[in-house]
Amino acid sequence: MVGYKFMGKAHSHAYKDVGMFFDPAADVVMKAICGRDEQGVKDAAAKFGWESYETDWRKMVARDDIDFVDINAPSDAHKEITLAAIAAGKHVFCEKPLALNLADGREMLAAAEKAGVKHAVCFNYRFLPAVQLAKQIIDEGRLGEIHHYRATYLQDWLVDPNTPLAWRLKKEIAGSGAHGDINAHSIDLARFLIGEFDRVVGHNRTFVKERPILTGSSGLTGTGSATEKGEVTVDDATGFLADFKNGAMGVFIASRFAAGRKNHNTFEIHGSKGSLRWDLEKLNELEVYFREDEPNLAGFRRILATEPSHKYAGNWWPTGHIIGYEHAFVHIVYEFVQHITTGSPFAPTFYDGVKCQEVLEAVDLSIERGAWVNIDEV
């Protein structure tokens, strides 16, 4: 695995726990973790349970005792590491967004398909039981014809102008700001739940143009210089309208400037027969409304998706004993291990990463043009 900070910890937890709560067709052996800071990665290896560590990812991906490589380094490293891992015959599990741009994502997908290796993008929210239930309800036609899809992904960790200039605020490293980081999740969930995008039009803002230079990293941010500042080169917030190929209308907003919202990832879907709503901060719950209900009993109902009949929930705790953010990573790791070892169907792959990247870039192009852009144009 390349990376050992926020996502590195989440992914390591998944590899450690997947064999305890699921029965994958092969054991997951945590062979090596890689990072540039030797002391930092050495400490992470010991704490997270990795057998060894490397400071050069090139050496790591060439090792004969490694079957697949997990990449959760910053976005600018995804392409180079992925292509090297593919060339070495490794399967690849990559964090989102897949690449800095659409062209790089397409190159990564083509390389993986040509080599015949398995590939995945970590759109982890698909794998929560309540989201799986939403997918089931839609696929069964219980919402009827889909009219509206509304998504929000709101955080507030950048509201303070003294929050330092972390790598996520540099276009050359991150590719984009709130758009690529969290709108990517909203776009993938929309594709997963109701289908492909047709056209988009958007707008964005960078509210704070300069921030203190980063002097020490921790979590999403860290500590900053008291004297030096650097330019913010990504968006703080991006919103867009969408038309879907099935005729549905979409509204999306991603912002890191929504004071009071910590990780407010939601979707609400309205159809001819009913509606449903989900909120990551209440991730075990799905709100559902059906028009066929008797008028005196009609209204949104709260379903707690912890029953054994809810996908993945039965592998954890008794009914009502809720799961958390980290469990979605366990679920996607389980499915990818099964895909590698048994050939079972799996998504999201690099294909889904590219489809998400198409929407991201179409929104950016629409902002440049000040007009709607068809997804097929990009």
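The protein is annotated in an unreviewed UniProt entry as Gfo/Idh/MocA family protein from Cohnella soli.

Let's shift gears to the overall build of the protein. In terms of regular secondary structure, the protein is built from ten helices and 16 strands. In terms of C-alpha radius of gyration, the protein reaches 21 Å, essentially the compact-globule figure of 21 Å for 378 residues. Each of the three principal axes of the protein carries a C-alpha extent, and together these read 65 × 50 × 40 Å. Looking at the protein as a whole, 54% of its 378 residues qualify as buried.

With that settled, consider the UniProt feature "domain: Gfo/Idh/MocA-like oxidoreductase N-terminal" (unreviewed entry) in the protein. In the numbering adopted here, UniProt assigns the feature "domain: Gfo/Idh/MocA-like oxidoreductase N-terminal" (unreviewed entry) to residues 1-121. As annotated, residues 1-121 comprises 46% helix and 14% strand, and the C-alpha atoms at either end are separated by 14 Å.

Our focus in this paragraph is the pairing of strand 6 (residues 146-154). The sheet contact formed by strand 6 and strand 12 (residues 264-271) spans eight bridges and is antiparallel. Opposite Arg150, over in strand 12, you have Glu268 as the bridge partner.

With that settled, the discussion passes to the pairing of strand 11 (residues 249-255). Taken residue by residue, a regular strand's side chains alternate between the two faces of the sheet. Alignment of strand 6 against strand 11, held across seven bridges, turns out to be parallel. Residue pairing in the sheet places His148 in a bridge with Met249 of strand 11. One ladder, built from seven bridges, connects strand 10 (residues 237-244) with strand 11; its direction is antiparallel. Within strand 11, the residue paired with Ala237 across the bridge is Ser255. What sits between strand 10 and strand 11 in their antiparallel hairpin is a turn of four residues, with Gly247 showing a positive phi close to 95°.

Now for the sheet that holds strand 4 (residues 91-94). Reading across from one edge, 3-4-5 is the order of the three strands in this open sheet, with parallel pairing throughout. In this open sheet, the two strands that pair with only one neighbour each are strand 3 (68-71) and strand 5 (119-121). Averaged over neighbouring strand pairs, the angle between their axes works out to 10° when direction is ignored. By the bridge criterion, three bridges tie strand 4 to strand 5 in an arrangement that is parallel. Each residue of the ladder has a partner; that of Cys94, found in strand 5, is Val121. Helix 10 (residues 350-369) rests against strand 4 and strand 5 of the sheet, and its axis sits at about 40° to strand 5.

This part takes up a nonpolar patch on the surface. Together, Leu241, Val251 and Trp372 make up a nonpolar patch on the protein surface, roughly 250 Å² of accessible area in all. Exposure remark for Trp372: the relative accessible area of 33% places this residue in the partly exposed category.

Turning our eyes to something else, we now look at the side chain of Lys355. You can see Lys355 is positioned in helix 10. What makes Lys355 buried here is its relative accessible area of 18%. Residue contacts for Lys355: discarding those within four places in its chain leaves Arg191 and Glu196.

Further remarks concern the environment of Pro318. Mapped onto the fold, Pro318 is located in the loop between strand 15 (301-304) and helix 9 (327-342). Take Pro318: its relative accessible area is 53%, and that puts it in the exposed class. In this structure, the C-alpha to C-alpha distance between Pro318 and Thr306, residues twelve residues apart in sequence, is 7.7 Å.

Right, let's talk about the packing of aromatic side chains for a bit. On inspection of all chains with the given rule, the structure shows 27 aromatic pairs. Seen from their ring centres, Tyr325 and Phe329 are 5.3 Å apart, and the 70° between their planes marks the pair as edge-to-face. Above the ring of Phe192, the side-chain terminus of Lys135 is found at 5.1 Å from the ring centroid. Lying over the aromatic face of Phe290, Arg142 brings its terminal NZ or CZ to 4.3 Å of the ring centre.

Our focus in this paragraph is the sheet that holds strand 7 (residues 197-205). Adjacent strands of a sheet form backbone hydrogen bonds with each other and so pair up, either parallel or antiparallel. The strand order across the open sheet formed by nine strands is 15-14-13-12-6-11-10-7-16, and the pairing between neighbours is mixed. Looking at which strands have only one partner, the edges of the open sheet turn out to be strand 15 and strand 16 (373-374). The sheet contacts of helix 8 (residues 178-194) involve strand 6, strand 7, strand 10, strand 11, strand 12 and strand 13 (274-279), and relative to strand 6 the element is tilted by about 155°. Sheet strands touched by helix 10: strand 7, strand 10 and strand 16. Its angle to strand 7, the strand with the most contacts, is close to 60°.

This paragraph deals with helix 9. An ideal rise of 1.5 Å per residue puts 22 Å on 16 residues; helix 9 measures up with 22 Å between its terminal C-alpha atoms. Where helix 9 ends, the next residue or the one after it, Gly343, has phi of about 80°, a positive value.

Conventions used here
Residues numbered from 1 in each chain as written. Predicted model: local features only at pLDDT ≥ 70, side-chain atom pairs only at ≥ 80, totals over all residues. Heavy atoms only, no water. Helix = DSSP H or I, 4+ residues; strand = E, 2+ residues; numbered from the N terminus. Rg over C-alpha atoms; globule rule 2.2 N^0.38 Å. Buried < 20%, exposed > 50% of the residue type's maximum accessible area, 1.4 Å probe, protein only. UniProt positions renumbered as here; feature names shortened; annotations may be inferred. Pairing = 2+ DSSP bridges. Axes fitted to C-alpha atoms, helices over the stretch in contact; angles between N-to-C directions. Contact = heavy atoms within 4.5 Å. Patch = residues over 30% accessible without salt bridge, like charges linked within 9 Å, V, L, I, M, F, W, Y side chains within 5 Å. Areas by Shrake-Rupley, 256 points an atom, 1.4 Å probe, with all protein chains shown as cover. Salt bridge = Lys/Arg side-chain N within 4 Å of Asp/Glu carboxyl O. Phe/Tyr/Trp six-rings, centres within 6.5 Å; stacked < 30°, edge-to-face > 60°. Lys NZ or Arg CZ within 6 Å of the ring centre and 35° of its normal. Expected span 1.5 Å × (residues − 1).

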